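Summary of structural features
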Amino acid sequence: MREHAVVVVGAGPTGLMLAGELALAGVDVAIVERRPNQELAGTRAGGLSARTLEVLDQRGIVDRFLAEGQIAQVTGFAVTRLDISDFPTRHNYGLALRQKHIERILAAWVGELAVPIYRSLEVTGFAQDDTGVTLELSDASQLRAGYLVGCDGGRSLVRKAAGIEFPGWDPTTGNILAEVEMEEEPPLGIHRTALGIYAFGREEYEIHDGKIVFAKEGPIGLMVPEKNAGATTEPTLGDLKEALIAAFGTDYGLHRVNWISRFTDISRQATAYRKGRVFLAGDAAHVHSPVGGQGLNTGVQDAVNLGWKLAQVVKGTSPDALLDTYHAERHPVAARVLRTTMAQVALQRTDDRTEALRDIVTELLGMEEPRKRIAAEMSGLGIHYDLGDGHPLLGRRMPDLDLVTSDGPVRVFALLRDARPILLNLGAPGSLDIASWSDRITLVDARYDGAFELPALGVVSAPTALLIRPDGYVAWVGDRTQDGLQKAMNTWFRPPG
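Here the structure is a predicted model, which is why all the values come from computation and not from measurement. Residue numbers here run from 1 along each chain, matching the order of that chain's written sequence. Since the coordinates come from a predicted model, pLDDT governs what is reported: local features require at least 70, and pairs of side-chain atoms require 80 or more to be given and counted, while whole-chain, interface and lining totals use all residues. Hydrogens and water are ignored here; the side-chain numbers use all heavy atoms of the structure.

Quick notes on the overall build of the protein
In plain terms, the rule: In this text, helices come from DSSP runs of H or I with a minimum length of four residues, and strands from runs of E with a minimum of two, each type numbered from the N-terminal end. As a reference, a globule follows 2.2 Å times the number of residues to the power 0.38, and the radius of gyration itself is taken over C-alpha atoms. Buried, partly exposed and exposed residues are distinguished by accessible area as a fraction of the type maximum, computed with a 1.4 Å probe on protein chains only: under 20%, between the cut-offs, and over 50%, respectively.
Per the secondary structure count, the protein includes 12 helices and 31 strands. Rg of the C-alpha trace for the protein: 24 Å, near the compact-globule value of 23 Å for 497 residues, within the 12% margin. Dimensions of the protein, computed from C-alpha atoms along their principal axes, come out at roughly 75 × 60 × 35 Å. Of all 497 residues assigned to the protein, the portion counted as buried reaches 53%.

Dropping the structure here:
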């Protein structure tokens, strides 16, 4: 029987990111993927948020994505675009890049890290015991893992087999997505009608001054509302024709469907992200409408939160209890994503009362304070883990400061490339001594003369030292004192026992 320390089910963005994080930490990880290759049919997620770009920057691979995507102000709430160009981050924008390209780039990175991917296989069941999990695969073979992580989507077999409940809200709206061939070119772009929101576009496009300019040729991608949000039969060419004629009086000579799928605003969240040696991440843990572009980004950040914790426990440098902080930190984040997504779906309705409400919300988001607060949330830059009372930086993302060290200038994110915790000393060099922790925490003496500024919160008082977790979040803040440092190191990085 083949054995691995961790088996990840699903080679989507969440599973690939998690495998990369574990491999960086030196953990024996493998992926089981039902697809024979990384090709992805249809349209899925369409971009990366500012915080996800920061996460990729922390691992030194963000340039791979920037080279293929298009930088733009894509952060928004419902139909209101939110400009984050004044936010204090190197990535004060979003990146328009289709999921198939995101997956391809991540898969190449994971390949460089020598992570094995068992393709054309599905997990059909598993059993966990005190020392690990035995997986049954679709080819009648088995895998043995110390831990199992389900990154296998909204219909997750891992979640179902683990017996984890998935409560939430049934769909109220439905849409059909398709790539089609038409005799006539429809009016490209998004159209709000009394029957719902319709959209036409092409695979290739460019963004100019914040506006999408589609290619002149090629198949048409379209989105049409569906009458029955709970439909269970597969959508058809006839369904598309009917919807187009109802809204526009013509089907534009629609005669061929290259691919077709549907999505709804179903909103559900797993009651537990962990059950023994089994974990859930990404869509396996939370599903919701794609409006707002939160799904892929939330999943990738699930992976980065879980990865370093699981690595420490696998390597025996932290006790098992550390893994409980994954649910404690990430479950509230996704619960909030579900609420903001449901609110955006409600604001997209086309009746007169919703139009009036949307006008008011748009007016509010045009004001500085509401814009900054909601934009920080939608871009992922405002995520705040509850690590107790203290400095505003505690539990928030560490800014990517330009530091000066005895070895020369260095960015904070560059210090996080190998996914190790950092104790950053901005006080007198040598004033912090963590010799007994040097095998697991990197001490960096540095100077920083600028202001500490956080998205939405603004300038905060400058600390003299910070303990930064491998995921880039601040676990302790010092102000000319080491009070609480030992406790923080014990909480996050203490050895078992």
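Regarding the layout of surface pockets
How we decide: Method remark: on a 1 Å grid restricted to protein atoms, a set of points is classed as a cavity if a 1.4 Å probe fits but cannot get out and as a pocket if it is open with protein on both sides within 12 Å along at least five of seven lines; lining residues have an atom within 4 Å of a point. Grid points are joined across faces, edges and corners, and a volume is the space filled by probe spheres set on the points. For this scheme, ten residues count as nonpolar: Ala, Val, Leu, Ile, Met, Phe, Trp, Tyr, Cys and Pro. Four count as charged, namely Asp, Glu, Lys and Arg, and the remainder, Gly too, count as polar.
Counted as a void, the second largest pocket has a volume near 660 Å³. As for the second largest pocket, its lining consists of 31 residues, and the residues nearest its centre are Arg336, Glu377, Gly382, Ile383 and His384. Looking at the lining of the second largest pocket, the elements with two or more residues in it are α7 (295-314), α8 (324-347) and α10 (368-378). For the lining of the second largest pocket, the residue count by class is 13 nonpolar, 10 polar and eight charged.

Observations concerning the sheet that holds strand β12 (residues 168-169)
Put simply, the rule is: Should DSSP find at least two bridges between two strands, the strands are regarded as paired. Here, residues are in contact when the closest pair of their heavy atoms is within 4.5 Å. Only the contacting stretch of a helix is used when fitting its axis, a line to C-alpha atoms as for every element, and angles between N-to-C directions run 0 to 180 degrees.
The three strands lie next to each other as β12-β20-β23, forming an open sheet whose pairing is antiparallel. What marks the edges here is a single partner per strand, and that holds for β12 and β23 (286-287). Judged from the two bridges that link them, strand β20 (residues 267-269) and β23 form a sheet pairing that is antiparallel. When the bridges of β23 are listed, Arg268 appears paired with Val287. Sheet contacts for α8: β12, β20 and β23; angle to β20, the most-contacted strand, approximately 175 degrees.

Thoughts on α7
Selection rule: By definition here, a helix of n residues has an expected span of 1.5 Å times n minus one. To get the bend at any residue, fit one axis to the seven residues that end at it and another to the seven that begin at it, then take the angle between the two axes.
Taking 1.5 Å of rise per residue, 20 residues should cover 28 Å, and α7 covers 28 Å from first to last C-alpha, within 8% of that figure. Approximately 25 degrees is the largest bend angle found in α7, and it occurs at Leu306. The buried count for α7 comes to 19 of 20 residues, which makes it a mostly enclosed element. Positive phi shows up at Gly316, right after α7, with a value of about 80 degrees.

Some remarks on the side chain of Asn297
Locating Asn297 in the fold gives a position in helix α7. Ignoring anything within four residues of it in the chain, the contact list for Asn297 reads Gly47, Leu48, Ser49 and Thr52.

Let's talk about a nonpolar patch on the surface
Selection criterion: Note on patches: the residues involved have over 30% relative accessible area and no salt bridge, like charges join within 9 Å, and the nonpolar side chains Val, Leu, Ile, Met, Phe, Trp and Tyr join within 5 Å. Surface accessibility in these figures is a Shrake-Rupley result with a 1.4 Å probe; residues are shielded only by whichever protein chains are displayed. The term salt bridge refers to a pairing of a side-chain nitrogen on Lys or Arg with a carboxyl oxygen on Asp or Glu at a separation within 4 Å.
Judged by side-chain polarity, Ile360, Leu364 and Met367 come together as a nonpolar surface patch covering roughly 270 Å² of accessible area. One can find Met367 in the loop between α9 (352-365) and α10.

Considering the packing of helix α2 (residues 50-58) against α7
We count it as follows: For any helix crossing, the convention is left-handed if the near helix is rotated counterclockwise from the far helix by under a right angle, and right-handed if that rotation is clockwise.
Between α2 and α7, the least distance of the axes is 9 Å, while the angle of their chain directions is 35 degrees. Crossing of α2 over α7 shows left-handed handedness. Note on element contacts: α7 touches α2 through Asn297, Val300, Gln301 and Val304, opposite Arg51, Thr52 and Val55. When grouped by side-chain class, the residues that make up the contact of α2 with α7 number three nonpolar, three polar and one charged.

Section: empty space enclosed by the protein
For the structure on display, the rule yields two cavities of 30 Å³ or more. Within this model, the largest cavity holds a volume of roughly 60 Å³. Along the walls of the largest cavity sit Arg51, Val55, Gln301, Val304, Asn305, Arg330, Tyr385, Asp471 and Tyr473, which together make up its complete lining. Within the residue set of the lining of the largest cavity, elements represented by two or more residues are α2 and α7. It is α7 that contributes the most residues to the lining of the largest cavity, three residues altogether. When grouped by side-chain class, the residues that make up the lining of the largest cavity number four nonpolar, two polar and three charged.

Observations regarding the pairing of strand β9 (residues 123-128)
Strand direction decides the pairing type here: β9 and strand β10 (residues 133-137), joined by five bridges, are antiparallel. From the neighbouring strand, Gln128 faces β10, where its bridge partner is Val133. What sits between β9 and β10 in their antiparallel hairpin is a turn of four residues.

Digging into the side chain of Gln38
The condition is simple: For the purposes of these results, a polar contact is taken to be a pair of N or O atoms within 3.5 Å, where, inside protein, one atom must be able to donate a hydrogen and its partner to accept one; residues adjacent in sequence count only when each atom of the pair is a side-chain atom.
Relative to the assigned elements, Gln38 resides in the loop between β2 (29-33) and β3 (47-48). There is a polar contact of 2.7 Å between the side chain of Gln38 and the backbone oxygen of Ala11. Polar side-chain contacts of Gln38 include one of 2.7 Å to the side chain of Arg119. Dropping the residues within four chain positions of it, Gln38 is found in contact with Ala11, Leu16, Glu103, Arg104, Ala107 and Arg119.

Describing the environment of Gly472
As for its position among the elements, Gly472 is in the loop between β30 (465-468) and β31 (474-478). Classification of Gly472 as buried rests on a relative accessible area of 0%. Placed 51 residues apart in sequence, Gly472 and Pro421 show a C-alpha to C-alpha distance of 8.4 Å. Not counting residues up to four positions away in its chain, the partners in contact with Gly472 are Arg51, Gln58, Arg396, Arg397, Met398 and Leu416.

Brief notes about α9
Relative to the 20 Å expected for 14 residues at 1.5 Å per residue, α9 spans 20 Å between its end C-alpha atoms, a close match to the ideal helical length. Next to the buried residues of α9 lie β5 (76-77), β6 (80-81), β14 (189-193), α8 and α10. Between the side-chain oxygen of the N-cap and the backbone nitrogen of Arg353 there are 3.2 Å, and the N-cap of α9 in question is Asp351.

Observations concerning the packing of aromatic side chains
Describing an aromatic ring pair means giving the distance of the ring centres and the angle of the ring planes. In plain terms, the rule: Stacked, edge-to-face and tilted are the three classes for Phe, Tyr and Trp ring pairs, Trp counted by its six-membered ring, which pair at centre distances within 6.5 Å; planes under 30 degrees apart are stacked, over 60 edge-to-face, the rest tilted.
Under the counting rule described, the total for this entry stands at 12 aromatic pairs. Each ring, one from Phe200 and one from Tyr252, has its centre 5.9 Å from the other, and the planes form 75 degrees; the classification is edge-to-face. Of the two residues, Phe200 sits in strand β15 (residues 196-201) while Tyr252 sits in the loop between α6 (237-248) and β19 (256-264), which places them 52 residues apart along the sequence. Judged by relative accessible area, Phe200 falls into the buried class, the value being 2%. Take Tyr252: its relative accessible area is 9%, and that puts it in the buried class. Measuring from ring centre to ring centre gives 6.1 Å for Trp308 and Trp492, while their planes differ by 50 degrees; the resulting arrangement is tilted. Of the two residues, Trp308 sits in helix α7 while Trp492 sits in helix α12 (residues 485-493), which places them 184 residues apart along the sequence. Neither Trp308 nor Trp492 differs from the other in exposure class; each is buried. Taken together, the aromatic side chains of Tyr147, Tyr273, Phe279 and Tyr326 make up a single cluster linked through ring pairs.

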